[in-house]
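For reference, the chains in residue letters:
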Amino acid sequence: MTTLHRPTGLTAACSRSVFRGEDVCAAAGLPVHGAGPHPHFDDAVWDFTGVIGLPRYLARHARILSFTEILNPQWRELAKEFIFARLAPDHPAVRELAHAYRTPVQIATVHGRLTVLTGWLNWLTEQGVDNLEEVTQQHCAAYLELRKKVRDKDGVVIRDSSPGYRMDVVAVIQELGYYKELFSADGYMSAFRPWGRRTAYSVAGMVRRTGNTTPPLSNDVFQPLVAAALYVVEVLAPHVMELQQQLQEMVPNRPGRNNRGRPDWRVEVARAIDRHIQEADPFDVALDHVVAERLADGWDPDDPLLRVNLISLAHETGRRAFHYTWLPTLRGHLEKAVREVGLSKRWGRAAGLVERADGRGSVPWTLPMNTTEARLQLSRARTACLIALAALTGMRKSELAELTHDCRLPPEQLGEGRVRYRLKGKVIKGRKLGGEHDQWVTIKQAYDTADVAASLADPVKNDGHLFKSLSFFTPYEWFLTWINGPEGRRLGLAPIPEVPVSLRMLRRTLAVEMAHRPGGLLAAKIHLKHISVVTTEGYADRPGGAQSVLMAEFGQEEREHKMRVALDAFHDYQNGIRPAGPGASDLLDFFAFVDEQLDSSGAPNIKRSDQEVTNLLAKRAKSLHLGPANYCWFLDPSKALCLKLAGAHARGATEPLIGMCDSARCPQATHHAGHRPVWAASAESKKVFIASIGRAQRAEKVRLGRELARDERVLAEIDALCGTGA
């Protein structure tokens, strides 16, 4: 058994920390801006906001470690020693510890560790424990049981906590034992090890994850969401940008506080009131909740100023707020002006017309808005840009946060009608502090969305980046409420089911959609094949870049999906459901061979597992290519009809040309029950076209008649073999 030894020079009675006076950033190797804060070990609060290279998505509060919330002063020192050791494992006092971690952790990680540690130590204090030597396994088990439930501020249980959170709780409790010899004043008993030799992983009940566990969004959520985001970006954005310019002109740069030459507020606000009278410009209307607050504060319901937007009036003078102490002085002047010009929502009174999203005519792009509603309109447009970029590029949250105003690289001409669009940024995940510069090859819609986001961004607040904050939950709730509300219906936007949505889920859905529906549409006018092509180009151009990770995720999902499709087809064969199409005979022979192998490979009356079937189907599944109306089992390029039709241009091809597929004639194509809706829709549309063709277009009518006969023949075969007939 390994025994922990205190670092050289320390004694059990030592009450002074070996880290006293240390510069935390210097010890951890974290570069700091010259004027930025340099936290020292003795500080009660460690401020890392000046560290160079921290990811932008990391919130300000997560860059500050406060030890003051720990109730027991003795344990504040212990917590600082623990966090310091995790940040600087190469420190001489840490290197000698047998069980200490050897890899430094990020600021975000130690912030989470400190939060969990604070909860553990304060709970012990509440239980009357003031020395860690008193801690027993019963304490550890009781605290873990408490943390298995998530409670609100009143202590009411909301839900079970996640296994990941429970693992963090167990890990922190155990890790304090790894650094016992380092702590200057307290620590667990030498022989005590929480949960013995069990790992935090097993104690928390973690289940080993296989593959990507982020759930994709269903089509009835993903497609209308992306369509709505693109509608805002492509149709409404020009009007929103004009609105933004008007709002900026209303609130000029605020004069300096020491600008003694600035007129008094009495003069400036009076001038603003006079302007409304001279221009017959109605005053802006306050929001309903502001009116309710005024009534609750004792305002008279008949007060002529009850519904006046006083903040908007202050903004007209360049001030950020209206002080109610001004009101007695201004009331007479303001009441007279309100009687003369009235009240009306200020923005969008003469909004331009736009085409509805559903194509049913034109409507004003917005109804009249007050100033607060206008600012919410800007926020929704920025959220739409974020959704569109995440859905069309597959960028992670950390990568979206690093996109700057100049992220669009000049388009690259590749030949006749071919243009390559690139965005530059940084990859954060899995990279050293500060990230690494990278580029993404994108489709034009994503490239244009970045341009719109740059135009809508606040150059001061956003610090030169497209997005000020990557907080997604609340902005998405506002966006969803707007789409599903009266404004969304007025603009013809399809409603979106109210289910949880995250940026990670958008990325996951893109990978799944490219794998499952390679010939389908992501949203109106956006083909998944185009996104797949540019993602492949980005991978080929920068094999170690961020798009290589997305490409690997897409490839893995595609392989798994093909195997599931092949397995389903084999199970259909076992249940008596046969494929149709020219390649059906060859596929049935292969399935019969697999069935024979299964029958002869083990004891009788034993049900074979899917894994055994998968092993036998693996090669055939690898050759599978999914078309919208058929499966292509691309085993022999010389038999592929699409390559024959393409001629010399397809010489040496290793994949079929799905866009040129004539599955009714290709010997490697099969039709299954899932393809029936596509063929049925094709037949119905041809019937409509034939009925509308005049006598003068006899040749076209004959051609469509032949294609209709082919569609009906394929439908009849599917119905006969798959049992899908009426």
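Residue positions within a chain follow its written sequence, with the count starting from 1. Selection of residues for local features in this predicted model requires a pLDDT of at least 70, selection of side-chain atom pairs for listing and counting requires 80 or more, and totals for whole chains, interfaces and linings are taken over all residues. Values reported for side chains reflect all heavy atoms of the structure, with hydrogen atoms and water molecules removed beforehand.

Each helix is a run of H or I in the DSSP string that is no shorter than four residues. Each strand is a run of E no shorter than two, and both are numbered from the N terminus. Counting its secondary structure elements, the protein chain contains 25 helices and 14 strands. Here the Shrake-Rupley method, with its probe set to 1.4 Å, supplies the accessible areas, and only the displayed protein chains count as covering residues. Surface accessibility of the protein chain: about 37,300 Å² in total, with carbon and sulfur atoms responsible for 52%.

Glancing now at a positive patch on the surface. Every patch collects residues that have over 30% relative accessible area and no salt bridge, joining them within 9 Å if they carry like charges and within 5 Å if they are nonpolar side chains (Val, Leu, Ile, Met, Phe, Trp, Tyr). Here, a salt bridge means any side-chain nitrogen of Lys or Arg that lies within 4 Å of a carboxyl oxygen of Asp or Glu. Here Asp and Glu are counted as negative and Lys and Arg as positive; His is not counted, and neither are the chain ends. We put the charge of a Lys on NZ, of an Arg on CZ, of an Asp on CG and of a Glu on CD. A contiguous patch of positive charge on the surface is contributed by Arg320, Arg375, Arg382, Lys461 and Lys468. Looking at where Arg320 falls in the secondary structure, it is placed in the loop between α11 (310-315) and α12 (327-341).

For the rest of this paragraph, the subject is the packing of aromatic side chains. Aromatic ring pairs are defined here through the distance separating the ring centres and the angle between the ring planes. Pairing of aromatic rings covers Phe, Tyr and Trp, the last counted by its six-membered ring, and requires centre-to-centre distances within 6.5 Å; plane angles under 30 degrees mean stacked, over 60 mean edge-to-face, and any other angle means tilted. Evaluated as defined, the whole model comprises 23 aromatic pairs. Between the aromatic rings of Phe322 and Tyr324, the centroid separation amounts to 6.3 Å while the plane-to-plane angle is 80 degrees, which identifies the pairing as edge-to-face. Here's how the labels work: a residue is buried when its accessible area is under 20% of the maximum for its type, exposed when over 50%, partly exposed in between, all with a 1.4 Å probe on protein chains only. Judged by its relative accessible area of 8%, Phe322 falls in the buried class. Ring centres of Tyr421 and Tyr447 lie 5.0 Å apart, and the angle between their planes is 45 degrees; on these two criteria the pair is classed as tilted. On the criterion of sequence distance, the pair formed by Tyr421 in strand β8 (residues 418-427) and Tyr447 in helix α15 (residues 444-456) is long-range, its members being 26 residues apart. Residue Tyr421 shares its accessibility class with Tyr447, and that shared class is buried. Among the aromatic side chains, those forming a connected cluster through ring pairs are Phe19, Phe41, Trp46, Phe67 and Phe84. Ring-over charges, as used throughout, are those where CZ of Arg or NZ of Lys falls within 6 Å of the ring centre and within 35 degrees of the ring normal. Taking NZ or CZ as reference, Arg86 lies 4.2 Å from the ring centre of Tyr101, over its face. Its guanidinium or amino end placed over the ring of Phe590, Arg620 lies 4.2 Å from that ring's centre, counting from NZ or CZ.

Take the sheet that holds strand β13 (residues 631-633) next. Sheet architecture is open: three strands sit in the order β12-β13-β14, paired in antiparallel fashion. With partners counted over all chains shown, the strands left at the sheet margins are β12 (624-626) and β14 (669-670), one partner each. For two strands to pair, DSSP has to find at least two bridges joining them. Where β13 meets β14, two bridges bridge the pair, whose relative direction is antiparallel. Paired with Tyr631 across the strands is Thr670, a residue of β14.

Below, the discussion takes up the packing of helix α8 (residues 219-250) against helix α13 (residues 371-393). Put simply, α8 and α13 touch, their axes get as near as 7 Å, and they point 140 degrees apart. Compared by their axis directions, α8 and α13 come out oblique. Viewed along their axes, α8 and α13 form a crossing whose handedness is left-handed. In the scheme used here, Gly and all other residues not listed as nonpolar or charged are polar, with Ala, Val, Leu, Ile, Met, Phe, Trp, Tyr, Cys and Pro taken as nonpolar and Asp, Glu, Lys and Arg as charged. Taken together, the residues of the contact of α8 with α13 break down into 20 nonpolar, three polar and two charged. Note on definitions: angles span 0 to 180 degrees between N-to-C directions of axes, and those axes are lines fitted to C-alpha atoms, for helices only across the stretch in contact. To sort the angles, those under 35 degrees are grouped as roughly parallel, those over 145 as roughly antiparallel, those from 65 to 115 as roughly perpendicular, and the leftovers as oblique. Two helices crossing with the near one rotated counterclockwise from the far one by less than a right angle form a left-handed crossing, whereas a clockwise rotation gives a right-handed crossing.

Given the number of residues in a helix, its expected span is that number minus one, multiplied by 1.5 Å. End to end, helix α16 (residues 473-484) covers 16 Å across 12 residues, agreeing with the expected 16 Å (1.5 Å per residue, within 8%). Three or more residues of α16 are buried, namely Pro475, Tyr476, Phe479, Leu480, Trp482, Ile483 and Asn484. Its buried side turned inward, α16 meets α8, α13 and α17 (486-490). Contact definition: two residues touch when any of their heavy atoms are within 4.5 Å.

Attention now moves to a nonpolar patch on the surface. Among the surface-exposed residues, Leu645, Leu657 and Met660 lie close enough to one another that they form a single nonpolar patch of about 240 Å² accessible area. Mapped onto the secondary structure, Leu645 falls in helix α23 (residues 641-646). Judged by relative accessible area, Leu645 falls into the partly exposed class, the value being 47%.

The subject of this paragraph is the pairing of strand β4 (residues 157-160). Relative to β4, strand β3 (residues 149-151) runs antiparallel, the two sharing three bridges. Directly across from Arg151, in β4, lies its bridge partner Val157. The antiparallel hairpin formed by β3 and β4 contains five residues in its connecting segment, where Gly155 sits at a positive phi of about 85 degrees.

Backbone geometry at Trp195 places phi at a positive 60 degrees, although glycine is not the residue there. A relative accessible area of 12% means that Trp195 is categorised as buried. In this structure, Ala280 is a non-glycine residue whose phi angle is positive, near 50 degrees. You can see Ala280 is positioned in the loop between α9 (265-278) and α10 (288-296).

So, about helix α18 (residues 503-516). Taking 1.5 Å per residue, 14 residues should reach 20 Å; α18 reaches 20 Å between its end C-alpha atoms and fits that length. Buried residues dominate α18, accounting for 12 of its 14 residues. Looking at α18, one finds that the buried residues are Leu503, Met505, Leu506, Arg507, Arg508, Thr509, Leu510, Ala511, Val512, Glu513, Met514 and Ala515.

Here we come to the pattern of salt bridges. As enumerated under the stated definition, the model contains 40 salt bridges in all. Two residues, Arg319 and Glu268, come together in a salt bridge whose shortest N-O distance is 2.0 Å. Of the two residues, Arg319 is situated in the loop between α11 and α12 and Glu268 in helix α9; the sequence distance between them amounts to 51 residues. Grouping residues by exposure puts Arg319 and Glu268 together as buried.

Pairing within the open sheet is antiparallel, and its three strands lie in the order β7-β8-β9. The open sheet has two free edges, formed respectively by β7 (412-415) and β9 (436-442), since each of these has just one partner strand. On average, each strand axis in the sheet is tilted by 35 degrees relative to the strand beside it, whichever way the strands run. α15 contacts β8 and β9 of the sheet and is inclined by roughly 55 degrees relative to β8.

Quick look at the nonpolar core now. The set of buried Ala, Val, Leu, Ile, Met, Phe, Trp, Tyr and Cys residues whose side-chain atoms join them within 4.5 Å is what this entry labels a nonpolar core. Core analysis: the biggest nonpolar cluster contains 68 residues, and Leu236, Leu400, Leu466 and Phe479 have the highest contact counts within it. Elements with a contribution of two residues or more to this core: α8, α13, α14 (397-401), β8, α15, α16 and α18. Among the elements that make up this core, the one with the highest residue count is α8 (16 residues). Among the nonpolar cores identified, the runner-up in size contains 58 residues, and Val32, Leu54, Val116 and Leu121 belong to it.

Moving on, we get to the environment of Thr404. Assignment of secondary structure puts Thr404 in the loop between α14 and β7. Accessibility expressed as a relative area gives 22% for Thr404, which makes it partly exposed. Once residues within four sequence positions are removed from consideration, Thr404 is found in contact with Gly464, His465 and Leu466. As used in this structure description, the phrase polar contact means that two N or O atoms lie within 3.5 Å; if the pair is within protein, one of them must be able to donate a hydrogen and the other to accept it, and residues adjacent in sequence are counted only when both atoms belong to side chains. In terms of polar contacts, Thr404 uses its side chain to reach the side chain of Asp406, at 2.6 Å.

Another aspect to go through is the state of the cysteines. Two cysteine sulfur atoms form a disulfide, by the criterion used here, when they sit within 2.5 Å. Under the counting rule described, the total for this entry stands at zero disulfides. Of all cysteine sulfurs in the structure, the one in Cys666 sits closest to Cys661, which takes part in no disulfide; the separation is 5.8 Å.

Per residue, pLDDT captures the predictor's confidence, and it can take any value from 0 to 100. For the protein chain, per-residue confidence averages 86 on the pLDDT scale, and residues scoring 70 or more make up 90% of the total. Low confidence marks residues 1-14, where pLDDT is under 50. Its contacts with residues over four positions away, or in another chain, come to 24 contacts. A low-confidence stretch, residues 253-259 (pLDDT under 50), is modelled with three contacts involving residues beyond four sequence positions or located in other chains.

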